[in-house]
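Summary of the model geometry
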Amino acid sequence: MSHWLLFLISVMLLCSALIVVQTHIITVIKLLIAQNTLLAGYLLTQAVRLPSVALWVSFGITVMVKMIVLPWLLWKLTRFLQLSGRIEPIVNKPTLLILVTILVLFALILGQTMLSALPHLSVAGFSLSLANAFVALLVVIVRRKTVTQIIGLLMLENSIFILAAALAAGFPWVIELGMSFDVLMGVMIFTLFLMRIQREYGSFQVHHVEKLKERV
Amino acid sequence: MSLIALLFLPGVVSLFLLPCIANRTWASILSATACTFSFIVAVVLAMHVYRQQAPVFFFHQWFICDKFGSFFVLINSLIGMTTSFYAISYLINEDNQHLHPLVYRFYHTGYQLFLLGMLLVLLSNNIGMMWIAIECATIASVALVGLYHTKAALEAAWKYLILCGVGIGLALLGTVILYFGAYTQGLGEHGLLWTQLVANAADLPPRLLAISFVFLFVGYGTKAGFVPLHNWLPDAHAEGPAPMSALLSGLLLNVALFAILRFKWMLSGTSLHSLPAYLLLIFGFIGLLFSALSLFRQRQLKRLFAYSSIEHMSLVSIAFGLGTPLALFVALLHMAMHSLSKTAVFFSCGNIMQQSGTQTLSKLKGLLGKMPASATLLLISTFIILGLPPSGLFISELLLILATLNAHILLAIPLLIGLGLAFLAILLKIQPLFWSQSDNNTVMPLKNKIFSYWPTLLHLIIVIISGLAVPIWLLNPVVHAIVGGLS
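Keep in mind it's a predicted model, so treat the numbers as computed, not measured.

With that settled, consider the overall build of chain A. In terms of regular secondary structure, chain A is built from seven helices and zero strands. Counting across all 216 residues of chain A, residues that qualify as buried make up 58%. Of the contacts formed within chain A by residues at least 6 apart in sequence, a portion of 75% connects residues at least 24 apart. Total accessible area on chain A stands at roughly 9,000 Å², and carbon and sulfur atoms take up 74% of it.

The following block contains the structure:
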């Protein structure tokens, strides 16, 4: 069972790596939804393995927020902004893949240094979710579109959820509810801003919102 | 009923009431009344906490009010109150074309949510809830920064949201890692309680603590405006409405630093006690020198003072990094004085922007002749923010230099260079505003002037009085609590 959990986290990490190199926004969104589904599967497995109220609530929240509301919102957004088929310029793919590898290795090394302090299995889960967080940061940094910056943030949120659930019982459910609510509110505001950016500039490339800089 | 619950009550009630009130004047008055009520409760709470030895707890120990927290609660609720009064006149004078009618209704709700979020941070003993509260305050303030329907405001809000979103995400990662460590070491669900973490920090794996602290530092540091992560700050200050700039600078930066300090405190009993100090010192000095140099390049009024906020937060983090009782005293004094005087500066900037219709420095000329009252207030508050005597900032900067000299003589050199450069930059940028000849004499008169002047005056008077008679009675108990907690 625990190996199955590690497998799920690894596939989530794979999804993140794929998101980094994808060129179609639609595919990126699909991959994010796939990652959310995997996260729900992970939480379900945890909840079946070690039944506790907190984990079931966490699973419920994840299904509600990450599998129903967020995909629906993103789907509406893609329809509204007419995202299909757009290809965005990014740093070239081999470099990105090398960067991803380096980040994952770094996270694994960081996790290994904690072998003495934590149970063996936790270390694996810990380092993989840390790796996922690093890759998410990479997505926020290298992507040139405002939509993908949000997706990077959502990936970061996902890796934090894995880490929280890698504990036996997860967070107390009130905290979990608060976090999900905040994330949802954040995404709503993002969406509103994206619509405003689209209306003001006619597209949502990052360079439109990079005008406020220091001039010498 | 617990005083802590009573402190939240006005905010919560007004959150429900304000969206229903369509009349702008009534909404402003309700918001100001709620803030006044919570200020009164904050004073009572602070008196209660200062009198007794142990902190006050509430709701399964999820909330804590110790001396350290109540000091900040006091500053926050005072400035929250004066800003809500200032907003009464600011919103009336605002150009209606920039603001959608619905926005007025939205403004007060967002404002109360923002204040409530910050109060929750200051009073939470649960590090998970602390994160939720900071995120809540961030979301509310993002919406308020993007209040104007201009491209620049949109961009500023977007940058704020993305940068602070990443920062806050990292802070959550740090929180989870910390909980992870505490949980596996047998603390269980109590691993989220700050008091439990402080008591048991020495038993937690140091490497895990170090990693989580670095994440928390970078995460909350983004909100506190530490230098490589400061990009959102000048934009958000310059493009948002003036009351928002005042609150961001005067309160939010303090609150973010407060969160970092809570975790610094936690590490002080462990083998890692020097890690936070080094981080604070390094980021403090980088921030000080960077912002001092950046000040020379500013062309906009509020942007200039936004960089000055980075400078002052850097001074505070240097003081906390030094960590001696004198330095702690200086840090707390400087935080309070900076909050009060920077909000006064932004209030008067707001008045001047509304009267002249611009914030570009080269277009603002001969202000003392055109708008004597607003210009005089800006002049005085600029002198105070520059640290001229007899302001409280003069005392705190002087003591900071002494504390730095005590720690190491070499540390004083970059400090003095930074202070000198920042002083020179602000003076050079600001003095042409007041006396130079102006070719354009159009001034839009302010309505409801009284509310735009008295909050500024009140802040200035408090800062000057604190410079003449330093409020040792207010600060010393906090320093003793921190030092006592350390040993």
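Turning next to the interface of chain B and chain A. Contacts between the two partners involve 52 residues from chain B, matched on the other side by 53 residues from chain A. Summed over both partners, the interface of chain B with chain A comes to about 4,800 Å²; 75% of that surface belongs to carbon and sulfur atoms. In terms of surface lost to chain A, no three residues of chain B exceed Leu-154, Trp-158 and Phe-180 of chain B, which account for 17% of the buried area on that side. Taken together, the links from chain B to chain A amount to zero salt bridges. Counting across the interface, chain B meets chain A through zero residue pairs in polar contact (both at pLDDT 80 or more). Looking at the side of chain B that touches chain A, the elements with two or more residues in it are α5 (127–145), α6 (151–187), α8 (206–224), α9 (232–239) and α12 (301–322) of chain B. Top contributing element to the side of chain B that touches chain A by residue count: α6 of chain B, with 23 residues. Partitioned by chemical class, the residues of the side of chain B that touches chain A number 31 nonpolar, ten polar and eleven charged.

The next thing to look at is unusual backbone geometry. Residues and elements named next belong to chain B. With an omega of 5 degrees, the peptide bond running from Pro-389 to Pro-390 counts as cis. Even without glycine at this site, His-60 takes up a positive phi of about 50 degrees. Note on placement: His-60 falls in the loop between β1 (56–58) and β2 (63–65). One non-glycine residue, Gln-61, adopts positive backbone phi at about 65 degrees. Inspection of the secondary structure assignment puts Gln-61 in the loop between β1 and β2.

Turning our attention to the packing of α9 of chain B against helix α10 (residues 242–267) of chain B. Residues and elements named next belong to chain B. In contact at an axis separation of 7 Å, α9 and α10 are set at 140 degrees when each is read in the N-to-C sense. By the angle class used here, α9 and α10 are oblique. Two secondary-structure elements touch here, α9 through Trp-232, Leu-233, Ala-236 and His-237 and α10 through Ser-245, Leu-248, Ser-249 and Leu-253. Residues belonging to the contact of α9 with α10 are distributed by class as follows: five nonpolar, three polar and no charged.

The next subject is empty space enclosed by the protein. What the rule picks out here adds up to four cavities of 30 Å³ or more. The calculated volume of the largest cavity comes to roughly 220 Å³. Elements that contribute at least two residues to the lining of the largest cavity include exactly α6 (146–166) and α7 (173–201) of chain A together with α5 and α6 of chain B. Residue composition of the lining of the largest cavity, by class: eleven nonpolar, four polar and three charged. In this model, the second largest cavity occupies a volume close to 130 Å³. Considering the residues around the second largest cavity, the lining is formed by 14 residues, among which Cys-35, Ser-38, Gln-112, Leu-115 and Leu-119 of chain B are closest to the centre.

Below, the discussion takes up helix α3 (residues 67–93) of chain B. Across its 27 residues, α3 of chain B extends 39 Å between first and last C-alpha, which sits within 8% of the 39 Å expected from 1.5 Å per residue. The sharpest bend along α3 of chain B comes to roughly 30 degrees, located at Ala-87 of chain B.

What follows concerns the packing of α10 of chain B against helix α13 (residues 325–356) of chain B. All names here are of chain B. Running from N to C, α10 and α13 point in directions that differ by 165 degrees, and their axes come no closer than 7 Å. The angle between the axes of α10 and α13 places the two elements in the roughly antiparallel class. By crossing handedness, the relation of α10 to α13 is classed as right-handed. Across the interface between the two elements, Ala-242, Ser-245, Ala-246, Ser-249, Gly-250, Asn-254 and Leu-257 from α10 touch Met-335, His-338, Ser-339, Lys-342, Thr-343, Phe-346, Phe-347 and Gly-350 from α13. Taken together, the residues of the contact of α10 with α13 sort by class into six nonpolar, eight polar and one charged.

Next up on the list: the confidence of the model for chain B. In the predicted model, chain B carries a mean pLDDT of 89, and 98% of its residues have values of at least 70. Taken over the whole predicted complex, pTM reads 0.91, whereas the ipTM for its chain interfaces reads 0.86.

Within the secondary structure, Leu-411 of chain B sits in helix α17 (residues 409–435). It is 9.6 Å that separates the C-alpha atoms of Leu-411 of chain B and Leu-281 of chain B, two residues lying 130 residues apart in sequence.

This part covers the pattern of salt bridges. All names here are of chain B. If you walk through the whole model with that rule in mind, you get three salt bridges over all chains. We note a salt bridge from Asp-235 to Lys-159, for which the minimum N-O separation is 2.7 Å. On the criterion of sequence distance, the pair formed by Asp-235 in helix α9 and Lys-159 in helix α6 is long-range, its members being 76 residues apart. Judged on exposure class, the residue Asp-235 and its partner Lys-159 are both buried.

All chains considered together, the criterion is met by 28 aromatic pairs over all chains. Considering the side-chain rings of Phe-85 of chain B and Trp-454 of chain B, the 5.3 Å spacing of their centres and the 50 degrees angle between planes classify their relative orientation as tilted. Residue Phe-85 of chain B is located in helix α3, and its partner Trp-454 of chain B is located in helix α18 (residues 449–468); the two are separated by 369 residues in the primary sequence. Three or more aromatic residues joined by ring pairs form one cluster here, namely Phe-68, Phe-71, Phe-72, Trp-194, Phe-258 and Trp-265 of chain B. Against the face of Phe-161 of chain A rests Lys-66 of chain A, its NZ or CZ located 4.9 Å from the ring centre. When the ring centre of Trp-194 of chain B is taken as origin, the NZ or CZ atom of Arg-262 of chain B, which lies over that ring, is 4.4 Å away.

A few words on the side chain of Gln-112 of chain B. Residue and element names in this part refer to chain B. For Gln-112, the location among the structural elements is in helix α4 (residues 101–123). Given a relative accessible area of 3%, Gln-112 falls into the buried group. If sequence neighbours within four positions are ignored, Gln-112 has contacts with Gly-11, Ser-14, Leu-15, Leu-18, Ser-31, Ala-34 and Cys-35.

This part covers α12 of chain B. Residues and elements named next belong to chain B. For α12, built from 22 residues, the straight-helix expectation of 32 Å at 1.5 Å per residue is met to within 8% by its first-to-last C-alpha distance of 32 Å. With 22 of its 22 residues buried, α12 lies for the most part within the structure. Backbone geometry just after α12 places Gly-323 at a positive phi near 75 degrees.

Our next topic: the state of the cysteines. Going through the model one piece at a time under the given rule, you end up with zero disulfides over all chains. With no disulfide partner, Cys-20 of chain B has as its closest neighbouring cysteine sulfur the one in Cys-35 of chain B, 17 Å distant.

Conventions adopted
- Residues numbered from 1 in each chain as written.
- Chains lettered and ligands numbered in written order.
- Predicted model: local features only at pLDDT ≥ 70, side-chain atom pairs only at ≥ 80, totals over all residues.
- Heavy atoms only, no water.
- Helix = DSSP H or I, 4+ residues; strand = E, 2+ residues; numbered from the N terminus.
- Buried < 20%, exposed > 50% of the residue type's maximum accessible area, 1.4 Å probe, protein only.
- Contact = heavy atoms within 4.5 Å.
- Areas by Shrake-Rupley, 256 points an atom, 1.4 Å probe, with all protein chains shown as cover.
- Buried area = accessible area lost by both parts, 1.4 Å probe.
- Salt bridge = Lys/Arg side-chain N within 4 Å of Asp/Glu carboxyl O.
- Polar contact = N/O pair within 3.5 Å; in protein donor to acceptor, adjacent residues only side chain to side chain.
- Nonpolar A, V, L, I, M, F, W, Y, C, P; charged D, E, K, R; others polar.
- Axes fitted to C-alpha atoms, helices over the stretch in contact; angles between N-to-C directions.
- Parallel < 35°, antiparallel > 145°, perpendicular 65-115°, else oblique.
- 1 Å grid on protein atoms, 1.4 Å probe; cavity = no way out; pocket = protein on both sides within 12 Å on 5 of 7 lines; lining within 4 Å.
- Points joined across faces, edges and corners; volume = space filled by probe spheres on them.
- Expected span 1.5 Å × (residues − 1).
- Bend = angle between axes of the 7 residues up to and from the residue.
- Left-handed = near helix turned anticlockwise from the far one by under 90°.
- pLDDT = per-residue confidence, 0-100.
- Phe/Tyr/Trp six-rings, centres within 6.5 Å; stacked < 30°, edge-to-face > 60°.
- Lys NZ or Arg CZ within 6 Å of the ring centre and 35° of its normal.
- Disulfide = S-S within 2.5 Å.

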